[in-house]
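Structural overview
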Amino acid sequence: MAESFPPSTKKRERRGSMDNPPWISSSSGPLTEELQCSICLDVFTDPVSTPCGHNFCKTCLNNCWDNSQTCNCPYCKETFKHRPDLKINTTLRELVDHYKKKSPEKKAEVLCDFCEERKLKALKSCLVCQSSYCETHLEPHLRVAGLKKHKLINPVRNLEDYICQKHERPLELFCRDDQTSVCLMCTLKDHQNHNTVSLEEESEEKKAQLMKTQKDTQQMIQDRIKKIQDVKHSAEVRKIFYTELLEMMEEQQKAAEKQEEELIEELEQEITELKMRNTELEQLSHTEDHLHLLQIYSSLCSSRNTRNWSEISVKTGESLETLRRALTKLQDSLQEKLTQTVSTELKRRQQYAVDVTLDPDTAHPYLILSDDGKQVRDGDITQKLPDKPERFDRYLIVLGKEGFSSGRFYFEVQVKGKTKWDLGVVRESINRKGKITRTPSNGCWTVYLRNGNEYKAGADSPVSLCVRVKPQRVGVFVDYEEGLLSFYDVESSSHLYSFTDQSFTGKLYPYFNPCLNDGGKNSTPLIITPVNYNK
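Residues numbered from 1 in each chain as written. Predicted model: local features only at pLDDT ≥ 70, side-chain atom pairs only at ≥ 80, totals over all residues. Heavy atoms only, no water.

**Considering the overall build of the protein chain**
Within the protein chain, the regular secondary structure consists of 9 helices and 23 strands. Going through the 535 residues of the protein chain one by one, you find that 35% of them count as buried. Element-wise, carbon and sulfur atoms account for 50% of the exposed surface of the protein chain, whose accessible area totals about 33,100 Å². (Helix = DSSP H or I, 4+ residues; strand = E, 2+ residues; numbered from the N terminus. Buried < 20%, exposed > 50% of the residue type's maximum accessible area, 1.4 Å probe, protein only. Areas by Shrake-Rupley, 256 points an atom, 1.4 Å probe, with all protein chains shown as cover.)

Set out below in structure tokens:
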């Protein structure tokens with residue numbers, strides 16, 4: 001980080017102290033960029049340094065690496081063979097803490113309009129008087145009967161904006177039909193019979209909508225960050241693929257050129273020999289030395305030990321087929337490498353396996369649970385069960401008995417033979433009665449199968465999953481503190497999907513939905529299986 005400071009700053013640095021570093025002051029705005037994480041674009045939180053010397057928030061960097069097949073620096077793209085053990089950069093963290101203390105966000109204060117010498121901070125603004133008052137000068141508005149009727153609001157600078165320009169009365173109401181602020185006189189004339197509410201009520205509702213929009217926006221940001229990571233990973237795989245392909249083609253080209261040179265050399269040698277023989281035959285065909293002719297005739301007319309060149313050709317088709325086979329082999333090799341990476345990651349996840357048992361008190365009345373609490377299927381009829389508060393009454397859902405509010409946990413479920421199912425985890429507070437919107441914003445993180453081959457992740461906007469092989473057993477891993485939830489195809493050691501940067505609160509429970517048996521087509525149960533660590 002030190003190399004990022006200007007030269008003059010470095011000189012002053014030696015004369016300062018960590019209690020009051022001279023390069024940090026309330027006017028040190030431009031330094032903010034030096035203290036920003038290039039992933040989240042905010043001031044560092046728990047800054048860590050990569051081996052290449054770049055700095056990031058610890059959580060940001062871990063999330064990047066958790067969602068990538070390789071560990072590289074998000075800034076300079078340098079790749080690390082082994083995932084670095086990240087340690088907090090304590091010096092940089094102290095700089096960030098000092099910067100935050102020296103550069104707090106300042107909010108403009110509204111001052112009392114009636115203080116004569118040293119003006120005090122206003123406590124309230126009056127829309128009728130069009131003035132702001134400190135605690136002392138506000139007293140008459142709290143005591144005098146006539147002033148008590150005045151409309152008081154939190155102190156604002158732009159009081160004129162709170163007055164109706166048509167009726168010169170306070171804008172106390174909001175017309176939802178016309179989406180505009182109105183005064184009481186407006187509701188009696190232009191906005192008569194309109195749906196009006198107080199400004200405070202409308203403001204609170206708009207704030208709630210803004211918070212939801214903000215949350216949706218944050219999710220969109222995370223989705224796009226993950227997409228960037230996916231694109232980068234795809235580019236890395238493609239680069240490896242084409243590099244190896246070009247090397248292979250280069251080797252084949254050299255081998256082909258060598259073969260061609262040898263063939264040409266052999267052909268030219270035979271042409272030379274045949275020309276010499278032809279000259280000799282030409283001469284003997286005109287000779288008068290009959291005895292000599294008869295003596296060498298047999299040797300001249302006998303066939304030479306040469307190749308049958310009509311059977312030799314450059315087999316371009318065979319070369320192309322060889323190349324295709326090589327390409328297929330290379331693709332299989334790359335896929336094998338990816339599988340090995342995911343397999344290693346999956347084995348690490350499996351170390352956090354927990355014993356999950358289904359909770360009958362949460363099971364929908366249609367569901368049939370096995371005696372050991374490890375299997376669940378749709379029974380097609382309603383069972384007579386007590387209507388407990390924790391029981392789901394609309395969807396065929398059952399939860400695990402034990403909830404988790406910290407740490408990491410992992411479990412596996414057999415989905416073989418099913419045409420539809422849901423799996424994942426849910427927040428304890430999820431609605432048990434009536435309709436449920438199964439999305440992260442509503443405390444539900446799942447992947448699901450529909451129509452036998454349509455796999456999706458239940459994000460706020462469903463994500464279609466690319467599945468090479470139909471999963472027979474699904475692994476579910478949760479890291480509570482990291483806000484990470486990952487799904488795996490255990491048999492093929494492939495990654496299905498991950499929810500990242502989630503804000504888990506309260507207990508999380510394993511979630512199972514075997515779905516309707518669909519006339520017997522989907523009657524196979526979901527089965528919680530023991531984890532095979534030796535796979």
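**Notes on the sheet that holds strand E5 (residues 124–126)**
A sheet is described by the order of its strands in space; here 3 strands give the open sequence E6-E5-E7, paired in antiparallel fashion. Either end of the sheet is taken by a strand with one partner, and the two such strands are strand E6 (131–133) and strand E7 (152–153). When E5 meets E7, the two strands line up antiparallel, connected through 2 bridges. Among the inter-strand pairings, Cys126 is bridged to a residue of E7, identified as Leu152. Packing of helix H4 (residues 135–143) onto the sheet brings it into contact with E5, E6 and E7, and relative to E6 it is tilted by some 110°. (Pairing = 2+ DSSP bridges. Contact = heavy atoms within 4.5 Å. Axes fitted to C-alpha atoms, helices over the stretch in contact; angles between N-to-C directions.)

**Here's the deal with the pattern of salt bridges**
Applying the stated rule across the entire model yields 20 salt bridges. Here Arg176 and Glu201 are joined by a salt bridge, their closest N and O atoms 4.0 Å apart. Pair noted here: Arg176 is in the loop between strand E8 (173–175) and strand E9 (180–182) and Glu201 is in helix H7 (residues 199–284), with a separation of 25 residues, a long-range link. Note on Arg176: relative accessible area 24%, which makes it partly exposed. By relative accessible area, which is 44% here, Glu201 ends up partly exposed. The shortest N-O distance in the salt bridge between Glu202 and Arg176 comes to 2.6 Å. Taken together, the positions of Glu202 in helix H7 and Arg176 in the loop between E8 and E9 put the pair 26 residues apart, joining distant regions of the chain. Judged by relative accessible area, which is 5%, Glu202 ranks as buried. One connected set of salt bridges, linked through shared partners, spans Arg176, Glu201, Glu202, Glu205 and Lys206. (Salt bridge = Lys/Arg side-chain N within 4 Å of Asp/Glu carboxyl O.)

**Details of the pairing of strand E16 (residues 444–450)**
With 6 of 7 residues buried, E16 is to be regarded as a mostly interior element. Note that strand E15 (residues 421–427) and E16 share 6 bridges and pair antiparallel. Note on E16: the bridge partner recorded for Trp421 is Leu449. Here E16 runs beside strand E17 (residues 454–457); their pairing, made up of 4 bridges, is antiparallel. Counterpart to Arg450 in the pairing with E17 is Glu454. Counted along the chain from E16 to the antiparallel partner E17, the turn is 3 residues long, and its residue Asn451 has a positive phi close to 55°.

**Comments concerning a negative patch on the surface**
On the surface, a cluster of negative charge is contributed by Glu257, Glu260, Glu261, Glu262, Glu265 and Glu268. Relative to the helices and strands, Glu265 is located in helix H7. (Patch = residues over 30% accessible without salt bridge, like charges linked within 9 Å, V, L, I, M, F, W, Y side chains within 5 Å. Lys, Arg positive; Asp, Glu negative; His and termini not counted. Charge placed at Lys NZ, Arg CZ, Asp CG, Glu CD.)

**Section: the sheet that holds E9**
One open sheet holds the 3 strands; their spatial order is E9-E8-E10, and the pairing between them is antiparallel. Sheet topology places E9 and strand E10 (196–198) at the edges, where each strand pairs with a single neighbour. Neighbouring strand axes in the sheet, compared pairwise and without regard to direction, differ in orientation by 35° on average. With 3 bridges connecting them, E8 and E10 associate as antiparallel partners. Note that in E10 the partner of Phe174 across the bridge is Val197.

**Here we look at unusual backbone geometry**
The phi torsion at Gln130 lies on the positive side, around 55°, for a residue other than glycine. Residue classification places Gln130 among the partly exposed residues on the basis of a relative accessible area of 31%. Of note in the backbone geometry, Asp518 takes a positive phi value of approximately 55° without being a glycine. Position of Asp518 relative to the elements: it lies in the loop between strand E22 (508–513) and strand E23 (526–529).

**Description of the packing of aromatic side chains**
On inspection of all chains with the given rule, the structure shows 10 aromatic pairs. Seen in terms of ring centroids, Tyr352 and Phe477 are 6.1 Å apart; in terms of plane orientation they differ by 55°. Their pairing is tilted. Taken together, the residues span a long stretch of sequence, with Tyr352 in the loop between helix H9 (316–350) and strand E11 (367–369) and Phe477 in strand E19 (residues 473–479) at a distance of 125 residues. Overall, Tyr352 belongs to the partly exposed group, its relative accessible area being 33%. (Phe/Tyr/Trp six-rings, centres within 6.5 Å; stacked < 30°, edge-to-face > 60°.)

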